[in-house]
Amino acid sequence: MVTLSKFFKFLFLNLKEKNNLIGILIILSVFFFDRFSKIKAINLLTEQNNFFVNDFINLSLVWNTGIGFGLLSLETGITYNLISALIGLIILFLIYLLFISKIADKLLFALVVGGAFGNLYDRIVFFAVPDFIDIHYQNFHWFTFNIADIFISLGIIMLVLKDLILKK
Amino acid sequence: MKKFLFISFLLTSYIFLKSCGSVSDAKKVLSNEKIRTNDEFLVKKREPLTLPPDFNEIPRPESLEKEKVIKKSNIETILKVSEEEAGNKDTSKVEQAIINEIGN
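What you see is a predicted model, and the numbers here were worked out from it, not measured in a lab.

Rules of the game
Residues numbered from 1 in each chain as written. Chains lettered and ligands numbered in written order. Predicted model: local features only at pLDDT ≥ 70, side-chain atom pairs only at ≥ 80, totals over all residues. Axes fitted to C-alpha atoms, helices over the stretch in contact; angles between N-to-C directions. Helix = DSSP H or I, 4+ residues; strand = E, 2+ residues; numbered from the N terminus. Parallel < 35°, antiparallel > 145°, perpendicular 65-115°, else oblique. Contact = placed C-beta atoms within 7 Å. Nonpolar A, V, L, I, M, F, W, Y, C, P; charged D, E, K, R; others polar. Pairing = 2+ DSSP bridges. Expected span 1.5 Å × (residues − 1). Buried ≥ 20, exposed ≤ 12 C-beta atoms within 10 Å, placed from the backbone. Arc of directions from axis to C-beta.

Chemist: Before we go on, may I ask you to explain the packing of helix α5 (residues 147-165) of chain A against helix α1 (residues 2-17) of chain B in this structure?
Modeler: For any two helices packed against each other, the geometry comes down to the angle between their axes and how far apart the axes lie. Following both chains from N to C, one finds α5 of chain A and α1 of chain B inclined at 170°, their axes separated by 10 Å at the closest point. One finds that α5 of chain A runs roughly antiparallel with respect to α1 of chain B. Seen from α5 of chain A, the contacting residues are Ile152, Ile156, Leu159, Val160 and Asp163 of chain A; seen from α1 of chain B, they are Lys3, Phe6, Ile7, Leu10, Tyr14 and Leu17 of chain B. When its residues are assigned to classes, the contact of α5 of chain A with α1 of chain B shows 9 nonpolar, no polar and 2 charged.

Chemist: Which parts of the structure should I look at to understand the environment of Asn50 of chain A?
Modeler: The topology assignment puts Asn50 of chain A in strand β1 (residues 50-52). C-alpha of Asn50 of chain A to C-alpha of Ser60 of chain A: the two residues are 10 residues apart in sequence and 4.9 Å apart in space.

Chemist: Explain the sheet that holds β1 of chain A here, please?
Modeler: Working definition: the strands of a sheet are paired by backbone hydrogen bonds and lie parallel or antiparallel to each other. All names here are of chain A. Read from one edge to the other, the open sheet built from 4 strands follows the order β1-β2-β3-β4, with strand pairing classed as antiparallel. Two strands lie at the open edges of the sheet, namely β1 and β4 (140-141), each paired on one side alone. Of the pairings in the sheet, the one linking strand β2 (residues 57-64) to strand β3 (residues 129-137) comprises 6 bridges and is antiparallel in character. Paired with Asn64 across the bridge in β3 is Val129. Helix α2 (residues 18-47) rests against β1, β2 and β3 of the sheet, and its axis sits at about 100° to β2.

Chemist: Whenever I open this one, α1 of chain B confuses me. Can you help?
Modeler: Residues spaced three or four apart along an α-helix face the same direction, because each turn holds 3.6 residues. Spanning 16 residues, α1 of chain B covers 22 Å between terminal C-alpha atoms, matching the ideal 22 Å at 1.5 Å per step. Buried within α1 of chain B are the following residues: Ser13, Tyr14, Phe16 and Leu17 of chain B. Buried residues of α1 of chain B, seen end-on, are gathered within an arc of 165° and therefore sit on one face of the element. What points out from α1 of chain B, more than 90 degrees from its buried face, is the exposed set Phe4, Ser8, Leu11 and Thr12 of chain B. Structurally, α1 of chain B contributes buried residues whose contacts are with α3 (77-100), α4 (103-125) and α5 of chain A.

Printed below as a string of structure tokens:
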């Protein structure tokens, strides 16, 4: 509890820094863009089950109660709440990393945190995350995902590549 | 070591933060099974059923077959009559021939 209060104090003190404000702005932009896309997709896909975009992309609504790649899709409330709490802690740690890192890393962490907030919001409000983008080639379908997943993937991949290639 | 831990943390958090698909979908993908919920050919929304404009003019079911049967029976009766008539004509000719023979 003391650690958490120290953490929030640290966040509050570093909030005024210009680069951190840019990071927070990116987080909010990603979050609201994700929310907008999900609301639009849910409204569209409750009327019709599938929406044809082109030969490689369909919109198809799937509610995911688990984590990435459909893992831990459990019905039990305790496990679900524990996973949600763990995700919350990971997000807090990512915000901490955002605040202590350099400007380039701040932007990438902000993308990840914005997307993660979008998915966490759905987990708390709807008790499941709506996935609706279905990419496929003929009968080979990739996992259905959403806009938040795109930002999370982009941020994590860039961070890993940056760490592997640039840092010695 | 620090680098390894950082990348491990990023990859682990990636799985937790991301929310996509399901294991059943992955199984379908790996086994090349068609996912029936996704109809990639569905472009136009299905319209509700309506009566065609000339619905009253359309013949009722089996009415055409009945007409055919009636026509067929008419033809048969005509043919029978003609056959009888033809038969009568034949007999009359034979009779005429016999009478002619008797007369000779």
